[in-house]
Amino acid sequence: MQHNEPAPLVLCAEDHHELRRDLCDELREAGYRVIEASHGEEALAHLKAMPDIILCDITMPRLNGYALLERLRNDFPQLADTPFIFLTALSQRYDVIEGKRTGADDYLVKPIDYDLLLVTLEARLRQVNRMRAKSTEELDHLRQGIHHLRTDNSQKAFEAAKSALDMMAVGVVLLNDKSQPLLTNRAALRLNLDQAPFHQVPSLERLSNASSRQLHQAIREGIHANHQHKEHNRCLRLSRLGGHGMKPDMTEVSDLMVFISSLANGAGNADAPAVAVMLIDPAQRVQLPEPMLAELFGFTPTEASIAMRLADGQRKEDIADQMEVSPTTVAFHLRNLFQKTDTRRQAELIAMILAGSISLNIEA
């Protein structure tokens, strides 16, 4: 743990008093800060404290562990990367698999092995730190790409910024404080959006009305934060209506992953960018370097290979054939990928993998 930073905060939700006391004593002795909860509703109230990691019994009164996890994932997007670990006496293989399918990051069986518990906490926190560091790196890369636009409004500076952003693997649109697009990179143009504030992007597919409202609200929040020189980041998963240009095997509604970041520069004129909107289409096929993917998410080499194939649009059956393994083996690794990326569905997993490529310069 870093000595110049507060110790990680652990929310421990366990209805058995003696076990909760022992757990919290072990955690405090290991250097963690701890919040205790004796039932699910109390744990839900403590989520406002922004814990760094959550330990949770499944069979709690008032609100069980599964329900608490569902509320966390649905109602607390700011805790999307907070590891959630189930503590339970349900040790059957089916129960373990079911727990992970609900979106839990880990599953420790009672009686608790405290050495294993502490190692698990350390591993999960390292993974979160890697991903947060990567997100910071990605935003820094974006800011570097528009540095000239903030200080120089010449055509030369504009072309330099566009050249830098065109090298990024995901779509980027820079907006001024009136929500008007100043720059749209090559990847964003390929996404074919036509609703404001993306009028400059050709129209083949559209955001749904509800998604458009969400997007506008998030952009307004980003612009407001920018005026106050504050950093503001928001992640949305928006629905698009099917139409011309969609692949035959796609459903009628496909998701678009959107990251909105204020640039914290206080820009208040029509020529200066105030907000960056990053767009990721899960249906886009992107080749990611396997070692980089493994390092970013903590994947094993096999998991990274399967993840890359999924991001390239391949079916699980085809992956099994190509890797000369059984479909059961692919399914096993897929569950690990869901666990390590905090996703539940394959579409979400692919979107997360693509999101990790925001600052990567993928060479041909």
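Everything that follows concerns the structure shown earlier in this document.
This write-up is about the structure you can find in this document. (Residues numbered from 1 in each chain as written. Predicted model: local features only at pLDDT ≥ 70, side-chain atom pairs only at ≥ 80, totals over all residues. Heavy atoms only, no water.)

Before going further, it helps to spend a moment on the overall build of the chain. Broken down by element type, the chain carries 14 helices and 11 strands. Residues counted as buried form 49% of the 364 residues belonging to the chain. Put simply, 58% of the contacts in the chain that link residues at least 6 apart link residues at least 24 apart. If you sum the accessible surface of the chain, you get close to 18000 Å²; carbon and sulfur atoms cover 50% of it. (Helix = DSSP H or I, 4+ residues; strand = E, 2+ residues; numbered from the N terminus. Buried < 20%, exposed > 50% of the residue type's maximum accessible area, 1.4 Å probe, protein only. Contact = heavy atoms within 4.5 Å. Areas by Shrake-Rupley, 256 points an atom, 1.4 Å probe, with all protein chains shown as cover.)

In this section: the sheet that holds strand S5 (residues 106–109). The pairing of strands in a sheet happens through backbone hydrogen bonds and is either parallel or antiparallel. In spatial order, the strands read S2-S1-S3-S4-S5; together these five strands make up an open sheet with parallel pairing. Two strands bound the open sheet, and with one partner strand each, they are strand S2 (33–37) and S5. Here the average twist between neighbouring strands, direction ignored, is 20°. The strands that helix H3 (residues 65–75) touches are strand S3 (53–57) and strand S4 (84–88); relative to S4, the one it contacts most, it runs at about 175°. (Pairing = 2+ DSSP bridges. Axes fitted to C-alpha atoms, helices over the stretch in contact; angles between N-to-C directions.)

All right, on to the pairing of S3 then. With five of its five residues buried, S3 lies for the most part within the structure. Alternating positions in S3 separate into two faces, Ile53, Leu55 and Asp57 on one and Ile54 and Cys56 on the other, with burial throughout. In this sheet, S4 lies alongside S3 in parallel orientation, the contact comprising four bridges. Counted as the bridge partner of isoleucine 54 is phenylalanine 84 from S4.

With that out of the way, let us pick up the pairing of strand S6 (residues 171–175). Looking along a regular strand, one sees side chains alternate from face to face of the sheet. Along S6, five of the five residues are buried, which leaves the element largely enclosed by surrounding structure. As paired strands, S6 and strand S11 (residues 275–280) are joined by five bridges and run antiparallel to one another. Among the inter-strand pairings, valine 173 is bridged to a residue of S11, identified as valine 277. Both S6 and strand S7 (residues 181–184) contribute to a ladder of three bridges, which runs antiparallel. Opposite leucine 175, over in S7, you have proline 181 as the bridge partner.

Moving on, we get to the packing of aromatic side chains. When we look at a pair of aromatic rings, we describe it by the centre distance and by the angle of the planes. A full pass over the atoms with the stated rule returns three aromatic pairs. Ring centres of tyrosine 66 and phenylalanine 86 lie 5.3 Å apart, and the angle between their planes is 80°; on these two criteria the pair is classed as edge-to-face. Residue tyrosine 66 is found in helix H3, and its partner phenylalanine 86 is found in strand S4; the two are separated by 20 residues along the sequence. For tyrosine 66, a relative accessible area of 25% corresponds to the partly exposed category. In this structure an aromatic cluster arises from ring pairing among Tyr66, Phe84, Phe86 and Tyr107. (Phe/Tyr/Trp six-rings, centres within 6.5 Å; stacked < 30°, edge-to-face > 60°.)

Residue position: valine 10 is located in strand S1 (residues 9–13). For valine 10, a relative accessible area of 0% gives the class buried. It is 6.1 Å that separates the C-alpha atoms of valine 10 and arginine 33, two residues lying 23 residues apart in sequence. Look past the residues within four positions of valine 10 in its chain and what remains in contact with it is Leu27, Tyr32, Arg33, Val34, Ile35, Ile53 and Leu55.

So, on to the side chain of threonine 82. Assignment of secondary structure puts threonine 82 in the loop between H3 and S4. Apart from the residues lying within four places of it in its own chain, the contact partners of threonine 82 are Pro51, Asp52, Ile53, Ile54, Arg73 and Asp105.

Here we come to the packing of helix H12 (residues 316–323) against helix H13 (residues 327–341). Running from amino to carboxyl end, H12 crosses H13 at an angle of 110°, the nearest separation of the two axes being 9 Å. Between H12 and H13, the crossing angle belongs to the class labelled roughly perpendicular. With respect to the hand of their crossing, H12 and H13 are arranged in right-handed fashion. In this structure, H12 uses Lys316, Ile319 and Ala320 to contact H13, whose residues at the interface are Pro327, Val330 and Leu334. The residue makeup of the contact of H12 with H13, split by class, is five nonpolar, no polar and one charged. (Parallel < 35°, antiparallel > 145°, perpendicular 65-115°, else oblique. Left-handed = near helix turned anticlockwise from the far one by under 90°. Nonpolar A, V, L, I, M, F, W, Y, C, P; charged D, E, K, R; others polar.)

Our focus in this paragraph is the nonpolar core. Of all hydrophobic cores here, the largest spans 22 residues; its most connected members are Leu47, Leu68, Leu72 and Phe84. Those elements that provide at least two residues to this core are S1, S2, helix H2 (40–46), S3, H3 and S4. Discounting residues that sit within four places of it in the chain, leucine 68 has contacts with Gly40, Ala43, Leu44, Leu47, Cys56, Met60, Leu63 and Phe84. (Core = buried A, V, L, I, M, F, W, Y, C linked by side-chain atoms within 4.5 Å.)

Following the criterion strictly, the structure yields seven salt bridges and no others. Between arginine 28 and glutamate 36 there is a salt bridge, with the nearest N and O atoms lying 3.3 Å from each other. On the basis of relative accessibility, which here comes to 39%, the residue arginine 28 falls in the partly exposed class. You can call glutamate 36 partly exposed: its relative accessible area is 32%. In this structure, arginine 124 and aspartate 106 form a salt bridge, with 2.8 Å as the shortest nitrogen-oxygen distance. Placement of the pair is arginine 124 in helix H5 (residues 114–145) and aspartate 106 in strand S5, with a sequence separation of 18 residues. Each member of the pair, arginine 124 as well as aspartate 106, carries the same accessibility label: buried. The network of salt bridges with shared partners includes Glu14, Asp57 and Lys110. (Salt bridge = Lys/Arg side-chain N within 4 Å of Asp/Glu carboxyl O.)

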